[in-house]
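Each chain is listed here by its residues.
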Amino acid sequence: MRHSDHPNCSRALLLLLALTGCMFVLTRALPDGIPPALAAVMIATIAVIKVRLVVLDFLGLRGANTPLTAALWSWAAFVLLIAVVRTALQLSV
């Protein structure tokens, strides 16, 4: 396998760090004027992008259609669902 066949983990790491910074800004540094639903959608979008980067680039599963890929996506979707339900329950109280 040539070096160019390996996933570009340095680029993926920089993207993950940038996305983590965005998540920090969304959760801590933004004023309270942002609607909670919009913040939740933005955070969920960032989370999906981060999972995609980890699954495809760090684990080297880009182009592989393995049960592990499906399991990782399912796990991430389940955790996201728990977070959405928890937030919805807190907003309704």
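Look up: the structure comes first, before these words.
Since the structure is predicted, the reported quantities are computational estimates derived from the model, not experimental observations.

Cut-offs applied
Residues numbered from 1 in each chain as written. Predicted model: local features only at pLDDT ≥ 70, side-chain atom pairs only at ≥ 80, totals over all residues. Heavy atoms only, no water. Helix = DSSP H or I, 4+ residues; strand = E, 2+ residues; numbered from the N terminus. Contact = heavy atoms within 4.5 Å. Areas by Shrake-Rupley, 256 points an atom, 1.4 Å probe, with all protein chains shown as cover. Core = buried A, V, L, I, M, F, W, Y, C linked by side-chain atoms within 4.5 Å. Buried < 20%, exposed > 50% of the residue type's maximum accessible area, 1.4 Å probe, protein only. Expected span 1.5 Å × (residues − 1). 1 Å grid on protein atoms, 1.4 Å probe; cavity = no way out; pocket = protein on both sides within 12 Å on 5 of 7 lines; lining within 4 Å. Points joined across faces, edges and corners; volume = space filled by probe spheres on them. Nonpolar A, V, L, I, M, F, W, Y, C, P; charged D, E, K, R; others polar.

Enquirer: Could you give an account of the overall build of the chain, naming the residues involved and the relevant values?
Expert: Across its full length, the chain carries 3 helices and 0 strands. Listing every helix and strand of the chain by position from the N terminus yields α-α-α. Long-range contacts, defined here as pairs at least 24 residues apart, represent 58% of the contacts in the chain between residues at least 6 apart. Of the roughly 7000 Å² that the chain leaves accessible, carbon and sulfur atoms contribute 71%.

Enquirer: Can you tell me about the nonpolar core, naming the residues and giving the values?
Expert: Note on soluble globular proteins: their nonpolar side chains tend to be buried together. One finds Ala12, Leu16, Leu19, Met23, Leu26, Ile46 and Leu53 forming the largest nonpolar core, which totals 7 residues. Per element, the largest residue contribution to this core is 5 residues, and it comes from helix H1 (residues 9–29). Other than its neighbours up to four places away in sequence, leucine 16 contacts Lys50, Leu53, Val54 and Phe58.

Enquirer: Quick one: what's the story with the side chain of threonine 69, residue by residue and with numbers?
Expert: Within the fold, threonine 69 resides in helix H3 (residues 67–92). Excluding residues that lie within four positions of it along the chain, threonine 69 makes contacts with Val55, Leu61 and Ala64.

Enquirer: How would you summarise helix H2 (residues 36–58) if you had to cite specific residues and measurements?
Expert: When the terminal C-alpha atoms of H2 are compared, their 31 Å separation across 23 residues agrees well with the 33 Å that a helix rising 1.5 Å per residue should span. Restricting attention to buried positions, one finds in H2 the residues Ala39, Ala44, Ile46, Leu53, Val55, Leu56 and Asp57.

Enquirer: Describe the layout of surface pockets, naming the residues involved and giving the relevant values.
Expert: Taken as a whole, the largest pocket holds about 430 Å³ of empty space. Lining the largest pocket are 15 residues, and of these Ala40, Ile43, Ala83, Val84 and Thr87 lie nearest its centre. If you list the elements that add at least two residues to the lining of the largest pocket, you get H2 and H3. Ranked by the residues each element gives to the lining of the largest pocket, the list is headed by H2, at 8 residues. A per-class count over the lining of the largest pocket returns 12 nonpolar, 2 polar and 1 charged.

By themselves, these are just geometric observations and shouldn't be taken as functional.
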